[in-house]
Amino acid sequence: MPAPVVLVADPLPAHLTDELAADFDVRHCTGADRAQLLAAVPEASALLIRSATRVDQEVLDAAPRLRVVARAGVGLDNVDVAAAARAGVTVANAPYSNVVSVAELTVGLVVALARPVLPASASVHAGQWRRADFQGVELAGRTVGILGLGKVGELVATRLRAFDMHVLTHDPYARADALERTGAQAVSLEELLRRSDVLTIHVPLTDATRGLIGERELAWAKPGLRLVNTARGGIVDETALARALKEEWVAGAALDVFEFEPPLSSPLLGLPNVIATPHIGAGTAQAQERAGREAVQAVRQALTGSDPDPEA
Ligand SMILES: NC(=O)c1ccc[n+]([C@@H]2O[C@H](COP(=O)([O-])OP(=O)(O)OC[C@H]3O[C@@H](n4cnc5c(N)ncnc54)[C@H](O)[C@@H]3O)[C@@H](O)[C@H]2O)c1
Ligand SMILES: O=C(O)CC[C@@H](O)C(=O)O
């Protein structure tokens, strides 16, 4: 019997996919290229993805042999989980794999918004020495609002508490133990915006959170707000945010995620008070290894019912 086909549609550490090749027919495609994906998926018993590949009804319809979609990462907004369930396809993610990396990037972005390290560095590289031009603000004593006190939100809250920031959160489903561990004060979304000097977003992208931070919410914002989004682009209305940044009502934004990636026509690109990174929250060697390994294990589990990984 031919070995089941495992289709790797997004980049994963090569040594992990090489391990799979001992037992499966491992093939590669560029999942973001729809035509390539649809051409390759009919043979696949397993699909290994990250965030760039969209798995929707069309892909599932084209994949009669598919038994598992394994997501090497947290967010499942690029997978139609309900359609997969109807088709009898298992969907697995790696929910703890990269949360520390995302939290650490978030804290770095908060600091980079408070202290203009990026333009200051660029000016020194350009041969300038303009010390007075790069005055920032201290984080100690100021208030951070955490939108979504889940795994990443909690890690960010505890790290920013160590900066002596006062922590507020809005999360209707927040666990009592997370509130206790972080010492975060639970407030409404409006109060979160009205009181926060820094707002950092850690909710998943769902029908309920798409556009959650829009014109009305930004109008509630405390003047001078600094906003960080390392969750998903669609949660923030980019047009409304661009307007608030141009009016300097919002002082700065640091964005790792965009509504469309790459964000070629985003109104946020080119604004001097925006730090933009190309969805690198999970971009550490440690997170990629963990996420890839968990996804590979999920494939083995689904296709053979076993997990021979000694580290499992
Ligand atoms: N930039 C990156 O590379 C990267 C990496 C990992 C995760 N992420 C994103 O970060 C998100 C959060 O990850 P996580 O591991 O903390 O998820 P999580 O599920 O542990 O936490 C999400 C939290 O959001 C809360 N929430 C849901 N709907 C809400 C709403 N309407 N208002 C307020 N709170 C709400 C939930 O109750 C939960 O506590 C992921 O869904 C993913 O999209 C991004
Ligand atoms: O594919 C990636 O590395 C991004 C992953 C990240 O957005 C996630 O949700 O885990």
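A quick note: this is a predicted structure, and the numbers were derived from the prediction, not measured.

Engineer: Could you give an account of the pairing of strand S6 (residues 143–147), naming the residues involved and the relevant values?
Structural biologist: Every other side chain in a regular strand lies on the same face of the sheet, so the side chains alternate between the two faces. The element S6 is largely enclosed, with a buried count of five among its five residues. Burial along S6 is two-sided: the residues Thr143, Gly145 and Leu147 and Val144 and Ile146 are all buried. Examined bridge by bridge, S6 and strand S7 (residues 166–170) share five bridges and lie parallel to one another. Paired with Gly145 across the two strands is Leu168, which belongs to S7. A crossover links S6 with its parallel partner S7, the connecting element being helix H7 (residues 151–161), and its sense is right-handed. With four bridges joining them, S6 and strand S9 (residues 198–201) adopt parallel strand pairing. Residue pairing across strands places Ile146 opposite Thr200, the latter belonging to S9.

Engineer: Pulling in residues and values, what's your account of the site of ligand 1?
Structural biologist: As a structural note, the neighbourhood of ligand 1 is formed by 25 residues, with Lys151, Val152, Asp171, Thr230 and Asp256 the closest of them. One nitrogen or oxygen atom from the main chain of Gly150 is found 3.3 Å from an oxygen atom belonging to ligand 1. In the model, an oxygen atom of ligand 1 is placed 3.5 Å from a nitrogen or oxygen of the Gly281 main chain. Out of a free accessible area of 860 Å², ligand 1 has 86% covered by protein chains. Among the secondary structure elements, those contributing two or more residues to the shell around ligand 1 are helix H5 (99–114) and H7. For the shell around ligand 1, a count of residues per class yields twelve nonpolar, nine polar and four charged.

Engineer: Account for the nonpolar core, with residues named and values stated.
Structural biologist: The biggest cluster of nonpolar side chains holds 31 residues, and the ones touching the most others in it are Leu199, Ile201, Ile213, Leu227 and Leu241. The greatest single-element share of this core, amounting to five residues, is contributed by helix H11 (residues 238–246). With residues near it in sequence (within four places) discarded, Ile201 still touches Leu147, Ile213, Leu227, Val228, Asn229, Thr230, Ala231, Ile235 and Val236. Val99, Leu160, Ala184 and Ile275 belong to the second largest nonpolar core, which has 26 residues in total.

Engineer: Break down the UniProt feature "domain: D-isomer specific 2-hydroxyacid dehydrogenase NAD-binding" (unreviewed entry) in the protein chain for me, citing the residues and quoting the values.
Structural biologist: Under the present numbering, the feature "domain: D-isomer specific 2-hydroxyacid dehydrogenase NAD-binding" (unreviewed entry) in UniProt falls on residues 107–281. Along residues 107–281 the backbone is 33% helical and 17% strand, and the end-to-end C-alpha distance reaches 11 Å.

Engineer: Any details on the site of ligand 2? Residues and values, ideally.
Structural biologist: Lining the immediate environment of ligand 2, one finds Arg50, Ser51, Arg71, Gly73, Val74, Gly75, Asn98, Arg232, His279, Ala282 and Gln288. Measuring from an oxygen atom of ligand 2, one finds a side-chain N or O atom of Arg50 at 2.7 Å. Burial of ligand 2 by the protein chains amounts to 92% of its free accessible area of 300 Å². Its residues assigned to classes, the shell around ligand 2 comprises two nonpolar, six polar and three charged.

Conventions and cut-offs
- Residues numbered from 1 in each chain as written.
- Chains lettered and ligands numbered in written order.
- Predicted model: local features only at pLDDT ≥ 70, side-chain atom pairs only at ≥ 80, totals over all residues.
- Heavy atoms only, no water.
- Buried < 20%, exposed > 50% of the residue type's maximum accessible area, 1.4 Å probe, protein only.
- Helix = DSSP H or I, 4+ residues; strand = E, 2+ residues; numbered from the N terminus.
- Pairing = 2+ DSSP bridges.
- Right-handed = clockwise from strand over helix to strand, strands pointing away.
- Near = heavy atom within 4 Å.
- Polar contact = N/O pair within 3.5 Å; in protein donor to acceptor, adjacent residues only side chain to side chain.
- Areas by Shrake-Rupley, 256 points an atom, 1.4 Å probe, with all protein chains shown as cover.
- Nonpolar A, V, L, I, M, F, W, Y, C, P; charged D, E, K, R; others polar.
- Core = buried A, V, L, I, M, F, W, Y, C linked by side-chain atoms within 4.5 Å.
- Contact = heavy atoms within 4.5 Å.
- UniProt positions renumbered as here; feature names shortened; annotations may be inferred.

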